[in-house]
Amino acid sequence: MVTCGYVMQVSSLRFLRSTLPLLLVLAAAAVLLAQALHQPVFSYDEGFTVYQAATLLEGDVPYRDFWTHYAPGGFYALAAAFRVFGTSLFVERAYDTAFRVVIAVALSLLARRLVPPGLAAAVGGLFVVLAGAVGFFAYAMFPAFACCLLAMLCTFRLFDSRRWRWLIGAGVAIGGATLFKHEMGFYGVVSVGGALATWKLSLPGTASLLWRGIGAARTLTVFSLVVGATVAPVLIWLLTEVSAAELWALLVVFPFTQLTELHFISPPPLIPLPLGERARNPQVYAALVLYEWPRFYAPLIIYGLAGLQQVQWWRRGGAAAWLAAAGPHRLLLVLGGLVFFNHAYTRLDEIHTLPTTSLAMAVGVSGLPMFWGAIRARWARGLAGIVLGVLVCDRLVV
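Here the structure is a predicted model, which is why all the values come from computation and not from measurement. (Residues numbered from 1 in each chain as written. Predicted model: local features only at pLDDT ≥ 70, side-chain atom pairs only at ≥ 80, totals over all residues. Heavy atoms only, no water.)

Caption draft 1: Local environment of helix α5 (residues 117–132). Between its terminal C-alpha atoms α5 stretches 23 Å, which fits the 22 Å expected from 16 residues at 1.5 Å a residue. Among all positions in α5, only Ala120, Ala121, Val123, Gly124, Phe127, Val128, Leu130 and Ala131 are buried. (Helix = DSSP H or I, 4+ residues; strand = E, 2+ residues; numbered from the N terminus. Expected span 1.5 Å × (residues − 1). Buried < 20%, exposed > 50% of the residue type's maximum accessible area, 1.4 Å probe, protein only.)

In structure tokens form, the structure reads like this:
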């Protein structure tokens, strides 16, 4: 009896140590992000979304009764919240905050597969601070990014268990991301699909490369069909209300041509030399070096270092070493960060860089202990630490 009680006590302590950091992240997210409920209303983007969601309750249909280039999911999800809790800005802010909390928890769970619970919780906590400083609300990027992270969690479980239900879950989540913000869904398909294909091709066994390729193709086909089946009902219904040409023009042609040109903000130069206006105005140059340059290039450096680590595993032990080091999981985070970087490249501001910055923090934290143990060169260890520190401190302070 004493032994049984001792074992139960040890198990309880281990469970508490593993779950307490995540619970702290959840509580901190709820408290800190709730402060946004009292911030002033941003009349254009936020007001635009709130008004359109309210009109859906009166029978309006997107693209038919009002102009928008966003996918319909965000409007209908917010309209559903209005239907249940009433139409108010408080409900809209609470709806937005809920998705930010989901993202913080999902980031912690993704990192937890690769690092101890404390470090994993730090990733979610850092996102809470960054997201709390972003003054955009009711923006479809947050629910779309949350769906992409849930798809990554399902893919992690698929890597570990090889059960098809997790593949279906990943496909449904990416379909949800597509309905919220269709370019984010595309990024999710590319990152999850790339990681799935690489994982299937690298699985050990006696099958030839050809048969492993067939297995990868089958997995990607099922994944794509699930994504399509999730999106298809909404698309078919919209086609009964709006012409295909109108949907194509609003959801594809305009966002990827005219809107890209209107929103584009030039990235900082690779080598930030004090030339021109930067030489005449020290404040402009300081903003470039301390804010704009790290915001744009630090995630790329982190992904580059993580990619080098992946190559090192393959060179040392082939696919077996890569799989043993959770290579598919790390590859998915890197691919996700790289494709979401395109979202940042189209418009270099706080809200559009948040997805790739968040994944860069997860990649950096998960890979940092490995760099310390596996790479002997002091300059490489110093570079990894400096890049991660600059990225975090820059975003937190500014």
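Let's pick the thread back up.
Caption draft 2: Spotlight on the packing of helix α3 (residues 73–85) against helix α4 (residues 89–112). Remark: α3 packs on α4, axes separated minimally by 10 Å, with the N-to-C direction vectors making an angle of 125°. It follows that α3 is oblique to α4 by the angle criterion. Between α3 and α4 lies a crossing of right-handed hand. Residues Gly74, Ala77, Leu78, Ala81, Phe82 and Phe85 of α3 form the contact with α4, whose participating residues are Val91, Glu92 and Tyr95. Here the residues of the contact of α3 with α4 sort into seven nonpolar, one polar and one charged. (Axes fitted to C-alpha atoms, helices over the stretch in contact; angles between N-to-C directions. Parallel < 35°, antiparallel > 145°, perpendicular 65-115°, else oblique. Left-handed = near helix turned anticlockwise from the far one by under 90°. Contact = heavy atoms within 4.5 Å. Nonpolar A, V, L, I, M, F, W, Y, C, P; charged D, E, K, R; others polar.)

Caption draft 3: View of the pattern of salt bridges. This structure, assessed with the given rule, holds seven salt bridges. With a shortest N-O distance of 3.9 Å, Glu92 and Arg93 are connected by a salt bridge. With a relative accessible area of 2%, Arg93 lands in the buried category. Notably, a salt bridge pairs Arg100 with Asp96, separated by 2.5 Å at the nearest N-O pair. Of this pair, Arg100 and Asp96 both sit in helix α4, four residues apart, which is roughly one turn of the helix. For the pair Arg100 and Asp96, one class covers both residues: buried. Overlapping salt bridges, with partners in common, bring together Glu46, Glu92 and Arg93 in one network. (Salt bridge = Lys/Arg side-chain N within 4 Å of Asp/Glu carboxyl O.)

Caption draft 4: Just the packing of helix α8 (residues 182–202) against helix α9 (residues 209–241), in detail. Where α8 meets α9, the axes come as close as 8 Å, and the angle between the chain directions of the two elements is 150°. Judged on the interaxial angle alone, α9 and α8 are roughly antiparallel. Crossing of α8 against α9: the hand is right-handed. Counting all contacts with α8, which are made through Val189, Val192, Gly193, Leu196, Ala197, Lys200, Leu201 and Ser202, the residues of α9 involved are Leu209, Arg212, Gly213, Gly215, Ala216, Thr219, Leu220, Phe223 and Val227. Residues that form the contact of α8 with α9 fall into these classes: ten nonpolar, five polar and two charged.

Caption draft 5: Highlighting the packing of aromatic side chains. Tallying each qualifying case throughout the model produces 13 aromatic pairs. Taken together, a centroid distance of 5.9 Å and an interplanar angle of 70° make the contact between Phe99 and Phe180 edge-to-face. Residue Phe99 is located in helix α4, and its partner Phe180 is located in helix α7 (residues 164–180); the two are separated by 81 residues in the primary sequence. For the ring pair Phe296 and Tyr297, a centre distance of 4.8 Å and an interplane angle of 80° mean the geometry is edge-to-face. (Phe/Tyr/Trp six-rings, centres within 6.5 Å; stacked < 30°, edge-to-face > 60°.)

Caption draft 6: Just a nonpolar patch on the surface, in detail. Among the surface-exposed residues, Leu210, Trp211 and Ile214 lie close enough to one another that they form a single nonpolar patch of about 360 Å² accessible area. Mapped onto the elements, Trp211 comes out in helix α9. (Patch = residues over 30% accessible without salt bridge, like charges linked within 9 Å, V, L, I, M, F, W, Y side chains within 5 Å. Areas by Shrake-Rupley, 256 points an atom, 1.4 Å probe, with all protein chains shown as cover.)

Caption draft 7: Expanded view of unusual backbone geometry. The backbone of Ala138 shows a phi angle near 60°, a positive value even though the residue is not glycine. Among the structural elements, Ala138 can be located in the loop between α5 and α6 (141–161). Judged by relative accessible area, Ala138 falls into the buried class, the value being 7%. Phi at Arg162 takes a positive value of approximately 60°, unusual for a residue other than glycine. Structurally, Arg162 is set in the loop between α6 and α7.

Caption draft 8: Geometry of the layout of surface pockets. There is about 720 Å³ of room inside the largest pocket. Looking at the largest pocket, it is lined by 36 residues, and the ones nearest its centre are His69, Tyr70, Lys181, Leu259 and His263. At the level of secondary structure, the elements contributing two or more residues to the lining of the largest pocket comprise α2 (45–56), α3, α8, α10 (244–256), α11 (258–263), α14 (327–346) and α15 (350–374). Among the residues forming the lining of the largest pocket, the class breakdown is 21 nonpolar, ten polar and five charged. Lining the second largest pocket are 21 residues, with Thr178, His182, Val231, Leu235 and Leu251 positioned closest to its centre. At the level of secondary structure, the elements contributing two or more residues to the lining of the second largest pocket comprise α7, α8, α9 and α10. With seven residues, the single largest contributor to the lining of the second largest pocket is α9. Looking at the lining of the second largest pocket residue by residue, the class counts come to 17 nonpolar, three polar and one charged. (1 Å grid on protein atoms, 1.4 Å probe; cavity = no way out; pocket = protein on both sides within 12 Å on 5 of 7 lines; lining within 4 Å. Points joined across faces, edges and corners; volume = space filled by probe spheres on them.)

Caption draft 9: Main features of the confidence of the model for the chain. When pLDDT is averaged along the chain, the result is 80; 78% of the residues meet or exceed 70. Within the model, pLDDT remains below 50 along residues 6–16, and this stretch shows one contact once partners closer than five positions in the same chain are excluded. Segment residues 372–381: pLDDT under 50, and twelve contacts once partners within four positions in sequence are set aside and those in other chains are kept. (pLDDT = per-residue confidence, 0-100.)

Caption draft 10: Expanded view of α10. Taking 1.5 Å as the rise per residue, α10 with 13 residues should run 18 Å; its terminal C-alpha atoms sit 17 Å apart, in good agreement. Its maximal kink placed at Leu250, α10 deviates by approximately 30°. Buried residues of α10: Leu247, Leu250, Leu251, Phe254 and Pro255, and no others. For α10, the secondary structure elements touched by its buried residues are α8, α9 and α11. (Bend = angle between axes of the 7 residues up to and from the residue.)

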